[in-house]
Amino acid sequence: MKEKQTAIEEKKTDAVQAETTRDEPVFVPDTDIYEHEDRFTVIADMPGVDQEHVAVSLEDRVLTVEGRTTLEAPEGYDLRHAEYADGRFERSFRIPVDVNTEGIRAVINNGVLRVDIPRAEKQGPRTIKVEAA
Amino acid sequence: MLVYFTTNKTFRADARKGDEMMLGTWTGIVANPWRELSQLQRDVNRLFDDQARCRSSYPLLNIWSNDDGAVLSAQVPGIDPENLNIEVKGNLVRFEGERPDAVEADEKTQIHRCERGCGSFSRTLRLPFDVETDAVKANYRNGILRVTLPRSEASKPKRIEVTQ
């Protein structure tokens with residue numbers, strides 16, 4: 001089956017873009033994206049991120065989710081073994097249809113961010129009245 | 001002499017070279033290149049095995065420690081703390097839990113990404129000391145589980161005064 005044109009694309013940065021350096025590690029959160037009849041749902045795992053350090057933005061149909069981990073190392077202990085690091089989560093998606101920006105809701109609970117994006121109301125064909133000059 | 005049943009001439013030539021070298025090893029001084037090569041292969045395989053094991057282990061852990069004990073921190077987002085089970089016995093710590101299948105799809109739903117895992121997990125760690133079981137504390141916040149494991153008094157090093 002051919003991919004529907006409503007498929008969500010991950011926003012790709014331009015290849016010619018200059019390399020950037022970051023002062024902290026940036027992670028790509030594991031994400032689920034569902035397209036329901038009336039809305040899109042984006043669910044991203046961001047362990048260690050609380051409500052004050054998460055941001056969701058939508059600009060030119062590009063949805064960006066960002067978050068920063070806020071857990072400090074225990075005081076008086078030395079790190080012996082590390083499988084994950086503190087840093088920032090960031091990921092962007094391009095949403096291919098018009099959405100109702102007013103109706104977007106985002107909730108973070110136990111390190112899981114959930115964003116519900118309602119589709120824009122279908123607008124019927126508009127006829128434009130032509131006036132006589 | 002080793003005999004290689006092969007039609008590949010170059011391989012046979014190499015094999016002969018190997019044999020000569022091996023005769024040298026007879027004294028135990030000259031290394032055997034074949035053995036070295038297979039050792040290298042084993043090392044490389046182990047490297048990839050380790051990486052694969054590391055990636056598949058869930059949850060990811062950070063461990064801190066000092067003379068009084070250890071603190072473990074695990075990334076387990078989106079879990080009901082009641083579904084987390086921590087068992088401590090002697091110097092063994094076991095985490096167990098389950099992440100519910102969160103796919104919320106009906107027939108009309110299109111799934112564009114499905115990266116978040118689900119199912120039960122378990123990880124056991126062996127610490128270099130016995131844990132004071134009654135004093136273990138666990139806390140779950142923002143998807144991070146943190147367990148404080150104090151070292152038992154009996155396992156702490158004792159200073160012994162030397163008398164004359």
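Provided above is the structure to which this section pertains.
Since we're looking at a predicted model, the values are computed, not measured. Residue indices follow the written sequence of each chain, beginning from 1 at its first position. The order in which chains are written sets their letters, starting at A; the order in which ligands are written sets their numbers, starting at 1. Owing to the predicted nature of the model, reporting of local features is limited to residues with pLDDT of at least 70; listing and counting of side-chain atom pairs is limited to 80 or more, with chain, interface and lining totals taken over all residues. Only hydrogens and water are set aside when side-chain values are computed; all heavy atoms of the structure are taken into account.

Attention now moves to the overall build of chain B. When its secondary structure is counted, chain B shows two helices and eight strands. Along chain B, helices and strands appear, N-terminal first, in the series α-α-β-β-β-β-β-β-β-β. Burial analysis of chain B (164 residues in total) assigns 30% to the buried set. By definition in these notes, contact holds between two residues if any of their heavy atoms fall within 4.5 Å. If you take every contact in chain B between residues at least 6 apart in sequence, the share linking residues at least 24 apart comes to 47%. Strands here mean DSSP runs of E at least two residues long; helices mean DSSP runs of H or I at least four residues long; both are numbered from the N terminus. Burial classification: accessible surface area is computed with a 1.4 Å probe over protein chains only, and a residue below 20% of its type maximum counts as buried, one above 50% as exposed, and the rest as partly exposed.

On the chain B side, the residues contacting the 44 residues of chain A number 38 residues. Summed over both partners, the accessible area lost on bringing two parts together, with a 1.4 Å probe, is the buried area. Where chain A abuts chain B, roughly 3700 Å² becomes buried across the two surfaces, and 48% of that area is made up of carbon and sulfur atoms. It is A:Tyr77, A:Glu83 and A:Tyr84 that lose the most area in chain A upon contact with chain B, and together they represent 21% of the buried surface on that side. Definition used for salt bridges: Asp or Glu carboxyl oxygen within 4 Å of a side-chain nitrogen of Lys or Arg. Our count for the contact surface shared by chain A and chain B stands at six salt bridges. Two residues, B:Glu115 and A:Arg91, come together in a salt bridge whose shortest N-O distance is 2.7 Å. A 3.5 Å cut-off defines polar contacts: any pair of N or O atoms within that distance qualifies, except that in protein one atom must be a possible hydrogen donor and the other a possible acceptor, and neighbouring residues in sequence count only when both atoms are side-chain atoms. Taken together, the links from chain A to chain B amount to 25 residue pairs in polar contact (both at pLDDT 80 or more). When residues of the side of chain A that touches chain B are traced back to their parent elements, those giving at least two are strand E1 (9-10), strand E3 (31-35), strand E4 (39-45), strand E5 (49-59), strand E7 (78-82), strand E8 (88-94) and strand E10 (112-118) of chain A. Here the residues of the side of chain A that touches chain B sort into 19 nonpolar, nine polar and 16 charged. Between any two strands, at least two bridges found by DSSP are needed for them to pair. With four bridges connecting them, E7(A) and strand E1 (residues 61-66) of chain B associate as antiparallel partners. Note on E1(B): the bridge partner recorded for A:Ala82 is B:Asn62. In this classification, the charged set is Asp, Glu, Lys and Arg, the nonpolar set is Ala, Val, Leu, Ile, Met, Phe, Trp, Tyr, Cys and Pro, and all remaining amino acids, among them Gly, are polar.

At A:Asp60, a position not held by glycine, the phi torsion is positive, near 50°. In this structure, A:Asp60 sits in the loop between E5 and strand E6 (62-69). The exposed category is assigned to A:Asp60, whose relative accessible area is 69%. Even without being glycine, B:Asn142 reaches a positive phi, approximately 50°. With respect to the helices, strands and loops of the structure, B:Asn142 is situated in the loop between strand E7 (137-141) and strand E8 (144-150).

Another point: the sheet that holds E1(B). With antiparallel pairing, five strands are arranged side by side in an open sheet as E7(A)-E1(B)-E2(B)-E8(B)-E7(B). Of all strands in the sheet, those bounded by a partner on one side alone are E7 of chain A together with E7 of chain B. Here the strands of the sheet are splayed against their neighbours by 20° on average, with no regard to which way each runs. Where strand E2 (residues 69-75) of chain B lies against E8(B), seven bridges are found, and the strand directions are antiparallel. Bridge pairing in E8(B) links B:Gln75 to B:Ile144. As a rule, the C-alpha atoms of each element are fitted with a line to give its axis, helices using only the stretch in contact, and angles between N-to-C directions run from 0 to 180 degrees.

This paragraph deals with the pairing of E4(A). All names here are of chain A. With six of seven residues buried, E4 lies mostly within the body of the structure. With five bridges joining them, E3 and E4 adopt antiparallel strand pairing. Paired with glutamate 35 across the two strands is phenylalanine 40, which belongs to E4. Hairpin remark: E3 followed by E4, antiparallel, with three residues in the connecting loop. Relative to E10, E4 is paired through seven bridges, and the arrangement is antiparallel. Each residue of the ladder has a partner; that of valine 42, found in E10, is valine 115.

To continue, consider the side chain of B:Asn62. Structurally, the position occupied by B:Asn62 is in strand E1. One polar contact links the side chain of B:Asn62 to the main-chain amide nitrogen of A:Glu83, over a distance of 2.9 Å. Every residue in contact with B:Asn62, bar those within four places of it in the chain, is listed here: A:Leu79, A:His81, A:Ala82, A:Glu83, A:Tyr84, B:Val71, B:Leu72 and B:Ser73.

We now examine the packing of aromatic side chains. Think of it this way: a Phe, Tyr or Trp ring, Trp meaning its six-membered ring, pairs with another when their centres are within 6.5 Å, and the plane angle makes it stacked under 30 degrees, edge-to-face over 60, tilted otherwise. Inspection of the entire model under this criterion finds two aromatic pairs over all chains. A ring pair is formed by A:Phe27 and A:Phe89, whose centres lie 5.7 Å apart and whose planes are at 50°; its orientation type is tilted. Here A:Phe27, found in strand E2 (residues 26-27), pairs with A:Phe89, found in strand E8; they are 62 residues apart in sequence, far enough to count as distant. With centroids separated by 5.2 Å and ring planes inclined at 70°, the aromatic side chains of B:Tyr58 and B:Phe121 adopt a geometry described as edge-to-face. A residue pair is termed long-range when its members are at least 10 positions apart, and B:Tyr58 in the loop between helix H2 (33-56) and E1 and B:Phe121 in strand E6 (residues 119-126) qualify at 63 residues. Taking the relative accessible area as the measure of exposure, B:Tyr58 reaches 31% and is therefore partly exposed. The exposure class of B:Phe121 is buried, given its relative accessible area of 9%. Here the guanidinium or amino end of B:Arg146 rests over the ring plane of B:Trp64, the centre of that ring lying 5.4 Å away. In this scheme, Lys NZ or Arg CZ marks a charge over a ring once it lies within 6 Å of the ring centre and within 35 degrees of the ring normal.

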